[in-house]
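Remarks on the overall topology
Listed below are the residues making up each chain.
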Amino acid sequence: MSANSNDIITLTGGIDVGNGYVKGVIQNTKREIFDEIDLPSAVVSTSRTSPKVPLPDADAASVMAGDFYNQIDCSLTTTLVAASDRRIFGRAALSVRGSKFTEFEVLGKHSKADQELSKVLVLGVFAAKALRDYVRENGALPAHELRVQVRAGLALPISEFVARRHAYAAEFIGLLGSSDPAVHLVTIKNFSTPVSVRLQFVDVQVMAEGASAQFAITDKGEPLAQALLDDLRTRDASVVEGVSASDLVAVQNTIGVDVGEGTVNFPVFTDGRFNPEAAATLDEGYGTALMNAMERMSESDATLQFSSRKQLADFLHAKPSVLVRNRHQRAVGFVEDEAGYLVDEIVSSFGDVLSQAGATTEVVYVYGGGSGPIKHLLHPALLKAAGDVPVLYLDSSYSRHLNREGLYIAARHVEQQALAAKPAGKHSRAVS
């Protein structure tokens, strides 16, 4: 990348591309500005020139000050994406008509690493962060192409992590040993004047889903541990009698139950290190229950028709008005039935993992974006299956963000090592 180093934007971020939502945290390392990202894992793509009326350039500062990540409108020119169609991200994608709506497949065995959507979402949010920071600083859109160097922490399901992590990282960085790193051009088209953002990845750390959350739990230390213990004592004090927050932070042998929309990952840590031999992935998640419920609704209840599992999830989450209360109760019933089958599968897989991990297991953590809606079913079932091993069920208000924080910690750690080891101006292209 031949540009003055002062003109290059440097970003370090952890991006948890879930089957349901993208959760991320990105730091502009020169400006020390953090952005937290939370948007549905969905895009609308179209070959039409202008699916939405562009906003005036003068509105850039006010638009960027809001939730721009859920409004991204861009095209991509990169070897990672087959077509340079225009794509609209996040919540804005849920309201665009007459175009192709894409979300992750949660039925079947199609690898997330192979689904183009994962690359589109990663590239889009990094480009949006770069433009957002430029406008924050300058008050207006740039009149030139933005050049960006990226360090990223990304995740794959445990079942894909061992075999795919190096190849997945290399897709973003470029071929190992090549003097020409991969360059990804994102053209943001929200405004009357399109803005080009040129991304180059100098390092990509790939972690196993769930394992990254475990790192974040350890990093948060005693405050989170104390909150977990206080919560558990309100329900069953005998399980953690005599256990302190420092005891919990010191544990070395753990199992995680990371409930996502398309998968449930079971990361295992033995003697403080991730143990891929004992860890496992269940290729089902809360989204699977939603999809199965939608299929049953379409067959048996004409008043319960939903265009996507996200629409159904939003309907379930919202407090129903008097006019839709009966419909809401019927929808809940369909989903509860399917969630019961899912819980049975999770508990069965958990039992296998617990047997593989052995009697040294000290604690089980339950977290992830799909863990909240099924807590009333899953928690008692896991407590029964775990026996006398404490099962700490993290509140979904923060547990759904743990993976992204662990991924950021990994990316930041490698960045700090590179800064300490190399003279200023030199960059590592190591792959995890």
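Per an unreviewed UniProt entry, the chain goes by the name ParM/StbA family protein and belongs to Streptomyces globosus.

1. Thoughts on the overall build of the chain
Along the chain, the regular secondary structure elements total 13 helices and 17 strands. In summary, the chain has a C-alpha radius of gyration of 22 Å against a globular reference of 22 Å for 432 residues, a match within 12%. Projected onto its principal axes, the C-alpha positions of the chain cover 65 × 60 × 35 Å. For the chain, long-range pairs separated by at least 24 residues make up 71% of all intrachain contacts whose partners lie at least 6 apart in sequence. Accessible surface for the chain amounts to roughly 18800 Å². Of this, 50% is attributable to carbon and sulfur atoms. Each charge sign in the chain was given a centre, from 41 positive and 51 negative side chains, and these centres are 7 Å apart.

2. As for the domain arrangement of the chain
Under the domain assignment, the chain is made up of domain 1 (8–208) and domain 2 (211–403). Look at where the C-alpha atoms of domain 1 and domain 2 centre, and you get two points 28 Å apart. Tallying the contact residues gives 24 residues for domain 1 and 26 residues for domain 2. In this assembly, domain 1 packs against domain 2 so that about 2000 Å² is buried in total across both faces, 57% of it on carbon and sulfur atoms. Linking domain 1 with domain 2 are 10 residue pairs in polar contact (both at pLDDT 80 or more), by the criterion used here.

3. A closer look at the sheet that holds strand β7 (residues 100–103)
In space, the 10 strands of this open sheet follow the order β3-β2-β1-β8-β10-β9-β5-β6-β4-β7, with mixed pairing throughout. Lying at the two open borders of the sheet, with one neighbouring strand each, are β3 (33–40) and β7. Within the sheet, the average angular offset between the axes of one strand and its neighbour, ignoring direction, is 30°. As defined by bridge partners, strand β4 (residues 42–46) adjoins strand β6 (residues 86–89) across 4 bridges and the pair is classed as antiparallel. Paired with Ser-45 across the two strands is Arg-87, which belongs to β6. Most of the contacts of helix α4 (residues 158–173) go to strand β10 (residues 195–208), to which it runs at about 150°, and overall it touches β8 (146–156), β9 (184–188) and β10.

4. A short note on the pairing of β6
Residues Arg-86 and Ile-88 line one face of β6 and the alternating positions Arg-87 and Phe-89 line the opposite face, and both faces are buried. Note that strand β5 (residues 73–77) and β6 share 2 bridges and pair antiparallel. Its bridge partner lying in β6, Cys-74 is registered against Arg-87.

5. Regarding the side chain of Asn-253
Mapping Asn-253 onto the fold places it in the loop between α7 (245–249) and β11 (254–259). Using a relative accessible area of 12% as the deciding quantity, one classes Asn-253 as buried. A distance of 2.9 Å separates the side chain of Asn-253 from the backbone nitrogen of Asp-271, its partner in a polar contact. Setting aside its immediate chain neighbours within four residues, Asn-253 contacts Phe-269, Thr-270, Asp-271, Thr-360, Thr-361, Glu-362 and Val-363.

6. So, the pairing of strand β2 (residues 21–28)
The buried fraction of β2 is high, at 8 of 8 residues. Burial along β2 is two-sided: the face carrying Tyr-21, Lys-23, Val-25 and Gln-27 and the face carrying Val-22, Gly-24, Ile-26 and Asn-28 are both buried. Here strand β1 (residues 9–17) pairs with β2 via 7 bridges, running antiparallel. From the neighbouring strand, Asp-16 faces β2, where its bridge partner is Lys-23. If you look at the hairpin formed by β1 and β2, you'll find 3 residues sitting between the two strands. Examined bridge by bridge, β2 and β3 share 8 bridges and lie antiparallel to one another. Bridge pairing in β3 places Gln-27 opposite Phe-34.

7. Structural notes on unusual backbone geometry
Look at Glu-32: it is not a glycine, yet its phi comes out positive at around 55°. For Glu-32, the position within the fold is in the loop between β2 and β3. If you check the backbone angles, Asp-271 has positive phi at about 55° while not being a glycine. Of note, Asp-271 is situated in the loop between β13 (268–270) and β14 (273–274). Looking at Asp-271, the relative accessible area reads 58%, which means it is exposed.

8. Re the packing of aromatic side chains
A full pass over the atoms with the stated rule returns 9 aromatic pairs. Judged by centre distance (5.3 Å) and plane angle (50°), the rings of Phe-306 and Phe-315 are tilted. Between the NZ or CZ atom of Arg-400 and the centre of the ring of Tyr-21, over which it lies, the distance is 5.1 Å.

9. Some remarks on the pattern of salt bridges
Taken as a whole and judged by the stated rule, the model has 23 salt bridges. Where Asp-133 meets Arg-136, a salt bridge forms, and the shortest distance between an N and an O atom there is 2.6 Å. Taken together, the residues Asp-133 and Arg-136, both in helix α3 (residues 116–138) and 3 residues apart, mark about one turn of the helix. The exposure class of Arg-136 is partly exposed, given its relative accessible area of 38%. Across the pair Glu-405 and Lys-220 runs a salt bridge whose closest N-O atoms are separated by 2.9 Å. On the criterion of sequence distance, the pair formed by Glu-405 in helix α13 (residues 402–421) and Lys-220 in helix α5 (residues 211–220) is long-range, its members being 185 residues apart. The exposure class of Lys-220 is partly exposed, given its relative accessible area of 34%.

10. Observations regarding the nonpolar core
In terms of nonpolar packing, the biggest core is built from 100 residues, with Phe-126, Leu-199, Phe-201, Val-257, Ile-374 and Leu-378 touching the most fellow members. In terms of residue count, the dominant contributor to this core is α3 (13 residues). Two domains each donate at least three residues to this core, and these are domain 1 (8–208) and domain 2 (211–403). Contact partners of Phe-126, with chain neighbours within four places excluded, come to Leu-11, Gly-13, Ile-15, Ile-26, Val-150, Arg-151, Ala-152, Leu-199 and Phe-201. Core analysis: the next-biggest nonpolar cluster, separate from the first, contains 18 residues, Leu-229, Ala-245, Tyr-365 and Leu-402 among them.

So, how was this worked out
- Residues numbered from 1 in each chain as written.
- Predicted model: local features only at pLDDT ≥ 70, side-chain atom pairs only at ≥ 80, totals over all residues.
- Heavy atoms only, no water.
- Helix = DSSP H or I, 4+ residues; strand = E, 2+ residues; numbered from the N terminus.
- Rg over C-alpha atoms; globule rule 2.2 N^0.38 Å.
- Contact = heavy atoms within 4.5 Å.
- Areas by Shrake-Rupley, 256 points an atom, 1.4 Å probe, with all protein chains shown as cover.
- Lys, Arg positive; Asp, Glu negative; His and termini not counted.
- Charge placed at Lys NZ, Arg CZ, Asp CG, Glu CD.
- Domains from an automatic or database assignment.
- Buried area = accessible area lost by both parts, 1.4 Å probe.
- Polar contact = N/O pair within 3.5 Å; in protein donor to acceptor, adjacent residues only side chain to side chain.
- Pairing = 2+ DSSP bridges.
- Axes fitted to C-alpha atoms, helices over the stretch in contact; angles between N-to-C directions.
- Buried < 20%, exposed > 50% of the residue type's maximum accessible area, 1.4 Å probe, protein only.
- Phe/Tyr/Trp six-rings, centres within 6.5 Å; stacked < 30°, edge-to-face > 60°.
- Lys NZ or Arg CZ within 6 Å of the ring centre and 35° of its normal.
- Salt bridge = Lys/Arg side-chain N within 4 Å of Asp/Glu carboxyl O.
- Core = buried A, V, L, I, M, F, W, Y, C linked by side-chain atoms within 4.5 Å.

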